[in-house]
Amino acid sequence: MIDGFGRRVEYLRVSVTDKCNLRCVYCMPEEGTAWLRRDEILSYEEIATVVRVMARMGLRRVRLTGGEPLVRKDLDRLAAMIAAVGGIDDISLSTNAVLLAPIAERLRRAGVDRMNISLDSLRPERADVIARRPGTLRRVMEGLDAALAVGFAPIKVNVVLMRGWNDDELADFAELSRDRPLHVRFIEVMPTESNVRLSADGFVSCDEALARLSDLDELKPVVGPPGNGPATYYRLPGALGTVGAITPMSHNYCGSCNRMRLTADGQLRPCLFGAIQTPLRDALRSGRPLVPLIEETLRIKPERHHLVHGSTVGSGGLVALSQTGG
Ligand code: SAM
Ligand code: SF4
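Residues numbered from 1 in each chain as written. Chains lettered and ligands numbered in written order. Predicted model: local features only at pLDDT ≥ 70, side-chain atom pairs only at ≥ 80, totals over all residues. Heavy atoms only, no water.

### Topic: the overall build of the protein
Note the cut-off: A run of DSSP states H or I qualifies as a helix once it reaches four residues; a run of E qualifies as a strand once it reaches two. Both are numbered from the N-terminal end. For the radius of gyration, the atoms used are the C-alpha atoms, and the globule rule reads 2.2 Å times the number of residues raised to 0.38. Only protein chains enter the calculation, and the probe is 1.4 Å; a residue is then buried if its accessible area is under 20% of its type maximum, exposed if over 50%, and partly exposed in between. Note on contacts: a residue pair qualifies if any of its non-hydrogen atoms lie within 4.5 Å across the two residues. Under the convention used here, Asp and Glu are negative, Lys and Arg are positive, and both His and the chain ends fall outside the count. In this description, the location of a charge corresponds to atom NZ of lysine, CZ of arginine, CG of aspartate or CD of glutamate.
What the protein contains, in helices and strands, is 10 helices and 12 strands. In summary, the protein has a C-alpha radius of gyration of 19 Å against a globular reference of 20 Å for 326 residues, a match within 12%. Once the C-alpha set of the protein is aligned to its principal axes, its extents read approximately 55 × 40 × 40 Å. Each of the 326 residues in the protein was classed as buried or not, and the buried ones make up 55%. Taking contacts inside the protein between residues at least 6 apart in sequence as the whole, the part at least 24 apart equals 74%. Distance between charge centres in the protein, computed from 43 positive and 40 negative side chains, equals 5 Å.

Written out as structure tokens, the structure is:
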């Protein structure tokens, strides 16, 4: 699959639900979003059909995300269906890990290879305030331990940096990469309709974060763990893991974008932001061919996102990243 700018697209992020058991301050409003109805959401069979069609067109990697993908029942069943699709050689999961421990082994056996875990503070009270849910840190840590125990690799820990909320924990997060093979990535907060103020006032660039870290210890640039993504990596001396930065705002990486997104209600989105999307659900449910719709979406994939600090311009009316899978 080659888009209108010559970029090869071989990676699909599949949002399996728009719902979540947390309400991270930078992601979702406290009251949640206007949830999709059950009949609007694609079934696992419908998702697998989209993956099968796209795999014949060149899709190689799939990430399951949400909302929180683990709030959907028996996610391992979907993982196994995707793992059975010829041509798909990499399945990953993005999760807040709160519900991970009991299902980690089933997911691994079903064919999920690797995992990104969101964790925004290593201090229990703060983690609860950021996630707006009690007991968050303990449960995430149990999930993280389970993920390591059953052999997901690599495991990346995503930290959305926010000034005054967690930016004094840079060194603690880097330490997390020292004794265990965890790849910590600091992410620049992106503006949406529900976080404009926070994303402007709390913005910390990853350049600043890495500069502050290098004052503490010697960070050496290294080749990062395998993945599809846009991250720069560094290693602390002797560390088993790495520290990285994802910089959608300060240095966009749209030029090498290799992905499309499928929302929980079956919209194929060529870019995380902006209003362009192609509904696949009706075609799926009426048996109409998907290939022309996918080809057209690929053709109109925008060159880059147009996000602007402190503004919803460019977000395409997106209330929260939980609506598209981030
Ligand atoms: N619930 C899962 C999780 O938290 O990993 C998957 C969905 S979440 C939308 C995917 C990723 O997007 C997470 O790493 C989250 O921290 C990140 N994210 C959400 N809103 C964001 C924002 N406004 N700016 C930057 N990253 C954001
Ligand atoms: Fe839920 Fe993930 Fe958004 Fe947090 S970042 S509210 S865990 S979807």
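### Focus: helix H1 (residues 44–57)
So the rule is basically this: By this rule, a helix spans an expected 1.5 Å times one less than how many residues it contains.
Taking 1.5 Å of rise per residue, 14 residues should cover 20 Å, and H1 covers 20 Å from first to last C-alpha, within 8% of that figure. Just downstream of H1, Gly58 is the residue with a positive phi angle, here 125°.

### Concerning the site of ligand 2
Short version of the rule: Here, proximity means that at least one heavy atom of the residue falls within 4 Å of the molecule or strand. Note on residue categories: nonpolar means Ala, Val, Leu, Ile, Met, Phe, Trp, Tyr, Cys or Pro, charged means Asp, Glu, Lys or Arg, and polar means any other residue, Gly included.
The local shell around ligand 2 consists of Cys20, Leu22, Cys24, Tyr26, Cys27, Gly67, Asn96 and Ser322. Partitioned by chemical class, the residues of the shell around ligand 2 number 5 nonpolar, 3 polar and no charged.

### Some words on the nonpolar core
Considering soluble globular proteins, one finds that nonpolar side chains tend to be buried as a cluster. Basically, it comes down to this: For our purposes a nonpolar core is just a set of buried Ala, Val, Leu, Ile, Met, Phe, Trp, Tyr and Cys residues, chained together by side-chain atoms within 4.5 Å.
The biggest cluster of nonpolar side chains holds 97 residues, and the ones touching the most others in it are Tyr26, Leu64, Leu100 and Phe186. Top contributing element to this core by residue count: H1, with 8 residues. Each residue touching Phe186, except ones within four places of it in the same chain, is listed here: Val159, Leu161, Leu170, Phe173, Cys206, Leu213, Val243, Gly244, Ala245 and Ile246.

### As for the sheet that holds strand E10 (residues 259–262)
Formally: Criterion used throughout: strands pair if DSSP finds at least two bridges between them. Between N-to-C directions, angles span 0 to 180 degrees; the directions come from axes that are lines fitted to C-alpha atoms, helices contributing only their stretch in contact.
Reading across the sheet, the 12 strands line up as E7-E8-E9-E6-E5-E4-E3-E2-E1-E10-E11-E12 and stay open at both edges, with mixed pairing between neighbours. Each edge of the open sheet is held by one strand with a lone partner, namely strand E7 (220–222) and strand E12 (278–279). In this structure, strand E3 (residues 90–95) lies alongside strand E4 (residues 114–118), joined through 4 bridges in parallel fashion. For Leu93, the partnering residue across the bridge sits in E4 and is Met115. In the packing of helix H6 (residues 170–179) onto the sheet, the strands contacted are strand E5 (155–161), strand E6 (182–188) and strand E9 (242–246), and the crossing angle to E6 comes to about 150°.

### As for the packing of aromatic side chains
Short version of the rule: Centre distance within 6.5 Å is the pairing criterion for rings of Phe, Tyr and Trp, where only the six-membered ring of Trp is used; planes under 30 degrees apart are then read as stacked, over 60 as edge-to-face, and the remainder as tilted.
Considering all chains together, one arrives at 1 aromatic pair under this definition. The interplanar angle of 85° and the centroid separation of 6.3 Å between the aromatic rings of Phe173 and Phe186 together place this pair among those described as edge-to-face. Of this pair, Phe173 sits in helix H6 while Phe186 is found in strand E6, placing the two residues 13 residues apart along the sequence. Of the two residues, Phe173 and Phe186, neither departs from the other in class, the shared state being buried.

### Section: the pairing of E5
Spelled out, the test is: Handedness of a crossover is defined as follows: with both strands directed away from the viewer, a clockwise route from the first strand across the helix to the second makes it right-handed.
Within E5, 7 of the 7 residues are buried, which leaves it mostly tucked inside the rest of the structure. Burial along E5 is two-sided: Ile155, Val157, Val159 and Leu161 and Lys156, Asn158 and Val160, pointing in opposite directions, are all buried. Both E4 and E5 contribute to a ladder of 4 bridges, which runs parallel. Note on E5: the bridge partner recorded for Met115 is Ile155. For the handedness criterion, the β-α-β arrangement of E5, H6 and E6 is classed as right-handed.

### Concerning the side chain of Arg114
Note the threshold: N or O atoms within 3.5 Å of each other form a polar contact, as long as, within protein, one can give a hydrogen and the other can take it, and as long as residues adjacent in sequence are counted only when both atoms are side-chain atoms.
Its location among the elements puts Arg114 in strand E4. Within the structure, the side chain of Arg114 is placed 2.8 Å from the side chain of Asp90, a separation counted as a polar contact.

### Let's talk about the site of ligand 1
Formally: Using the Shrake-Rupley algorithm and a 1.4 Å probe, accessible areas are obtained, with residue cover drawn only from the displayed protein chains.
As a structural note, the neighbourhood of ligand 1 is formed by 20 residues, with Tyr26, Gly67, Glu68, Ser118 and Met190 the closest of them. In the environment of ligand 1, a nitrogen atom lies 2.8 Å from a nitrogen or oxygen atom belonging to the backbone of Met190. For ligand 1, whose free accessible area comes to 550 Å², the fraction covered by protein is 94%. At the level of elements, E3, E5 and E6 are the ones that each hand at least two residues to the shell around ligand 1. Its residues assigned to classes, the shell around ligand 1 comprises 7 nonpolar, 11 polar and 2 charged.

### Examining the environment of Val189
For Val189, the location among the structural elements is in the loop between E6 and helix H7 (196–201). As for Val189 and Tyr26, which are separated by 163 residues in sequence, their C-alpha atoms are 7.3 Å apart. Those residues in contact with Val189, other than ones at most four positions away along the chain, are Tyr26, Val160, Leu161, Asn195, Ser199, Phe203 and Met249.

### Let's talk about the packing of H6 against helix H8 (residues 206–216)
Helix packing geometry: the angle between the two helix axes and the distance between the axes. Cut-off, in case you're wondering: Angles are sorted into four bins: roughly parallel if under 35 degrees, roughly antiparallel if over 145, roughly perpendicular if 65 to 115, and oblique for all others.
Where H6 contacts H8, the axes come no closer than 10 Å and their chain directions differ by 75°. With respect to each other, H6 and H8 are oriented roughly perpendicular. Seen from H6, the contacting residues are Leu170, Ala171 and Ala174; seen from H8, they are Ala209, Arg212, Leu213 and Leu216. Here the contact of H6 with H8 is built from residues that sort into 6 nonpolar, no polar and 1 charged.

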